[in-house]
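Observations on the model geometry
Single-letter residue listing:
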Amino acid sequence: MPENLNIPDHKKLKAIYLVIVLHTMQIGVGIAGHPRVVFLESGRDSFISILIAAIALHIVIACIVYVLRSFDGQDLHGILAQFFGKWFGKLITFLFIIYFFLLFISVLVNYIEFVHAFIFPDMSSWFISLCLLSLVLYAVLGGVRVAVGACIVFFFGSVWMFGLLIEPITYIQYDNYLPMFEASPRELMSGALKTSYTIIGFELLWFLYPYLKDKNKVHRYSQLAMSLTILSVLFITFVSIGFYSNNQLEDKIWPLLSTIKIISFPMFERFDIVTVALWMIIILPNLILFCWMTSMSAKRVFGGKENYYMITVCSLAFIAHYFFDSRYNVNFFTNYVGQAGVIFGFVVPILLVPFAMYYRRKGAKQHAKQS
Amino acid sequence: MQNNRKITLLIVGLLSMMIIPSCSHSKDVIEKLGVVSAYGFDQNEEQVLEGTTVLYQFNPDITNASQIIHSTGSTFNMVRSNANKKSGYKIVNGKLQTLLFGPTIAKKGVFPYLDTIERDAAISDMLYVTISEEPARDILSASNYEEAPNIGVYLNRLVDTAVLDEKIVSSKFHEFMRDYLQVGREPLVPIISIKQNKAAIEEVGIMQGDSHVGSFSMKEIFFVRLLREEFNEGRLDLELETKPFQDYIKEYQGDNREDKMFIVIDQLQNNSKINLTNVDHLTYEVDVSIHGRIVEMSQRMNLDKAAPLRKLEEEIDKKIKKNLEAVVKKAQQVNADVFGFGVKYNNRTRGEELTREQWQDLFPNIEVDFNVSTEIKRFGIVQ
């Protein structure tokens, strides 16, 4: 077995953390613009698109767990090396590294767009990214346990934000949901594809699996995390479609943040500003874990120390975000990353299943021979 | 534990990063800002926008913290920056509460001036869009605005009170845009007028798209609201004929009985349902059920008995039905569907989206049937 991961028991995590970690990993910048993006494709039938994406998601998670279980505590790179040999395996992992790095940048630049649009139009991008990247670096250098711990703390720090949607719900016009079932299958499918950018992030399971203690519960908890994400996405889409009239929703770039714009408290005249600031809590787990995934895989491919790769990732991201300083570039880039997400997140696990089946059968034969 | 300490430090770092950047904006000190609470817009003969900016300052040293600046420009933002030439304070829009459009703009269409409000995240979606039949400049220079800091805040309170009191239909910017962009339901906006140097809401404007085409009186707007929204504790005063109640009316006042009686219902709640019964002929059936309690009657009768109570409910039904028919007719005359009949039509026709032009051809010819049922739940502590 090439490059086996030996994780000492005291560094391992409980599987139940997956529920929160995978969920926070999926919810990030995508969700703020998601209702519009899906609505543009499948109109009032966005629910169906999301449900199609949900079914695909659950199947993919089942595939990932099936592949991971065929091996004993390997991560994605270990599995790829097993299937395709050392060099070809490294090549595929390298593609994954690039993909994770692009996701990392897309989260960063999208958040910088939020800050520019909502709070500080004149704040320089480098300052925002410096703030974020230094936090990311600090967390990720602490190791995977700190990264996961931060996710859990930040999840509870941000989950109350669903309560902010109570006031928008009172503005819902139920006529906006009718007539239903108008979209063609083609529109529904492209809506489901657009949902993919919002719900990617579950690839983390490939890398976190070796670090988990009770591996027999992994499947249960990761499916639970997926349902949690889908429910959140459905809820937010439901509120946005009801809150805005159809043509209005098509105009709003970030329907979720615009929805929160109507909330005002005596001590907070404009709560959306607080929300965008607090959105940092939502995206930090994404950034931390994407950084960890990138540098982890880089270490597995190229060898060397993980810490150096973390610093490299953050510095490269700091340089790279300069190329995305306009809305057009950010949208263009995000769009392509979302499409890459369909391939790397959804297609690859399904492609790996036949290999895992073959491997299992071979293993069973060998076992039979030996006995 | 090592990890816990790291996570704690991470949170501290995060919080400081959320707070520290706000210190970089030291140029926006509140004492140096002129905070706009209302804008009024008119247009002169040369198609130039004439803006009236109402702002106040937070400087503790000045006694009269409110001022009004007149400026011109071709866009919303030009008006603001031209206003800033006449003020030593930096004019900011963050607390904009009321927009007032004078008749010149209201008749032509207000949408071109609303773009920046939607586009600029700094401006709230909860400001009120209002129009007036006198120039906005005159309305905003009214000097009596109660104890409010300035006329802009007063206008906001005026509209807000009426909305909370369920006297008018709310026209917050979000709601205005929602209805404007929705085909088949037109927005309604309050018309501010000036009476004895004090601004007041006298009528509600019917908008066709974004232009003002007609008005409902405050009495009529109750019935429009009955179809559009739900009342939680509405109040309705009706004028009924005395004749049908001849047998029940108690003879307290002898023979000088009038042939009209007035009743006031409050705590009124309603449930209105618009049903499209025939898609081809566009016939609608509207079920309105109302319940409330009587707080005032100008003629007394024994409501403890079933017969007079039922008779009263029946007469109220008839009266409300008559009024509902009148408001729908009025809306049809100006061809502005403020009730949302078009939305119901669009919901029933699958496949194709209704366009504004199509619905404007269809709306004047729709037929609406009303079924009103009133229930008097309580009538106070006398019979």
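None of the values given here were measured: they were computed from a predicted structure.

Let's shift gears to the layout of surface pockets. As a volume, the second largest pocket reaches approximately 1,100 Å³. What lines the second largest pocket is a set of 32 residues, and nearest its centre among them are Ile-172 and Gln-173 of chain A together with Arg-228, Glu-229 and Glu-230 of chain B. Elements with a minimum of two residues in the lining of the second largest pocket: helix 8 (166-170) of chain A together with helix 6 (151-164), helix 7 (173-181), helix 8 (218-228) and strand 11 (260-278) of chain B. Looking at the lining of the second largest pocket element by element, the count peaks at five residues for strand 11 of chain B. By residue class, the composition of the lining of the second largest pocket is eleven nonpolar, eight polar and 13 charged. The residues that make up the lining of the second largest pocket include at least three from each of domain 1 (27-222) and domain 2 (230-378) of chain B.

Turning our eyes to something else, we now look at the nonpolar core. Counting residues in hydrophobic clusters, the biggest one holds 144 residues, and the most contacted among them are Trp-279 and Trp-292 of chain A. By residue number, the principal contributor to this core is helix 14 (residues 271-302) of chain A, which donates 19 residues. Core analysis: the next-biggest nonpolar cluster, separate from the first, contains 77 residues, Leu-158, Val-163, Val-204 and Tyr-284 of chain B among them.

Let us look at the interface of chain B and chain A. Interface extent is often summarised as the accessible area lost during association of the parts. At the junction of the two partners, chain B supplies 44 residues and chain A supplies 49 residues. Between chain B and chain A, roughly 3,900 Å² of surface is buried when both sides are summed, and carbon and sulfur atoms account for 57% of that area. Applying the counting criterion to the chain B and chain A interface returns five salt bridges. Here Lys-344 of chain B ties to Asp-175 of chain A by a salt bridge, and the two come within 2.9 Å at their closest N and O atoms. Between chain B and chain A we count 14 residue pairs in polar contact (both at pLDDT 80 or more) in total. If you list the elements that add at least two residues to the side of chain B that touches chain A, you get helix 1 (2-23), helix 4 (115-119), helix 7 and helix 10 (341-348) of chain B. Its residues assigned to classes, the side of chain B that touches chain A shows 17 nonpolar, 13 polar and 14 charged.

Moving on to the pattern of salt bridges. Should the charged atoms of two oppositely charged side chains come close, the side chains can pair. In the structure shown here, the tally under the stated rule is 27 salt bridges over all chains. A salt bridge links Glu-306 of chain A to Lys-299 of chain A; the nearest nitrogen and oxygen atoms lie 3.7 Å apart. Note that Asp-266 of chain B is salt-bridged to Arg-293 of chain B, the shortest N-O span being 2.8 Å. Taken together, the residues span a long stretch of sequence, with Asp-266 of chain B in strand 11 and Arg-293 of chain B in strand 12 (residues 283-297) at a distance of 27 residues. Using a relative accessible area of 34% as the deciding quantity, one classes Arg-293 of chain B as partly exposed. Salt bridges here are not isolated pairs; linked through shared partners, they connect Arg-178, Asp-179, Arg-185 and Arg-228 of chain B.

Turning to the packing of aromatic side chains, a few remarks are in order. By the definition in use, this model includes 46 aromatic pairs over all chains. Considering the side-chain rings of Phe-83 of chain A and Phe-84 of chain A, the 6.1 Å spacing of their centres and the 75 degrees angle between planes classify their relative orientation as edge-to-face. A residue is classified by how much of its surface remains accessible, and Phe-83 of chain A, at 17% relative accessible area, is buried. Look at Phe-84 of chain A and you get partly exposed, because its relative accessible area is 25%. Ring geometry for Phe-202 of chain A against Phe-346 of chain A: centres 5.3 Å apart, planes inclined by 80 degrees, an arrangement best described as edge-to-face. In this pair, Phe-202 of chain A sits in the loop between helix 9 (185-199) and helix 10 (204-208) while Phe-346 of chain A sits in helix 16 (residues 327-370), placing the two residues 144 residues apart along the sequence. Note on accessibility: Phe-202 of chain A and Phe-346 of chain A belong to one class, buried. These aromatic residues form a ring-pair network of at least three members: Phe-71, Phe-83, Phe-84, Phe-88, Phe-355 and Tyr-359 of chain A. Looking at Lys-215 of chain A, its charged tip hangs above the ring of Tyr-209 of chain A, at a distance of 5.4 Å from the centre. If you follow Arg-225 of chain B out to its NZ or CZ, it ends over the ring of Phe-231 of chain B, 4.6 Å from the centre.

All names here are of chain B. Taken domain by domain, chain B consists of domain 1 (27-222) and domain 2 (230-378). The interface of domain 1 with domain 2 comprises 20 residues on the first partner and 27 residues on the second. Note on domain 1 versus domain 2: buried area summed over both sides is about 1,900 Å², and carbon and sulfur give 58% of it. For the domain 1 face of the interface with domain 2, the top three residues by lost area are Glu-166, Val-183 and Phe-222, together amounting to 35%. Ionic pairing is found between Glu-186 and Arg-356, a salt bridge with its closest N-O pair at 3.5 Å. At the junction of domain 1 with domain 2, the criterion picks out 13 residue pairs in polar contact (both at pLDDT 80 or more). Looking at the side of domain 1 that touches domain 2, the element that brings in the most residues is strand 9 (residues 211-217), giving four residues. The class makeup of the residues in the side of domain 1 that touches domain 2 is nine nonpolar, six polar and five charged.

Cut-off values and rules
- Residues numbered from 1 in each chain as written.
- Chains lettered and ligands numbered in written order.
- Predicted model: local features only at pLDDT ≥ 70, side-chain atom pairs only at ≥ 80, totals over all residues.
- Heavy atoms only, no water.
- 1 Å grid on protein atoms, 1.4 Å probe; cavity = no way out; pocket = protein on both sides within 12 Å on 5 of 7 lines; lining within 4 Å.
- Points joined across faces, edges and corners; volume = space filled by probe spheres on them.
- Helix = DSSP H or I, 4+ residues; strand = E, 2+ residues; numbered from the N terminus.
- Nonpolar A, V, L, I, M, F, W, Y, C, P; charged D, E, K, R; others polar.
- Domains from an automatic or database assignment.
- Core = buried A, V, L, I, M, F, W, Y, C linked by side-chain atoms within 4.5 Å.
- Buried < 20%, exposed > 50% of the residue type's maximum accessible area, 1.4 Å probe, protein only.
- Contact = heavy atoms within 4.5 Å.
- Buried area = accessible area lost by both parts, 1.4 Å probe.
- Salt bridge = Lys/Arg side-chain N within 4 Å of Asp/Glu carboxyl O.
- Polar contact = N/O pair within 3.5 Å; in protein donor to acceptor, adjacent residues only side chain to side chain.
- Phe/Tyr/Trp six-rings, centres within 6.5 Å; stacked < 30°, edge-to-face > 60°.
- Lys NZ or Arg CZ within 6 Å of the ring centre and 35° of its normal.

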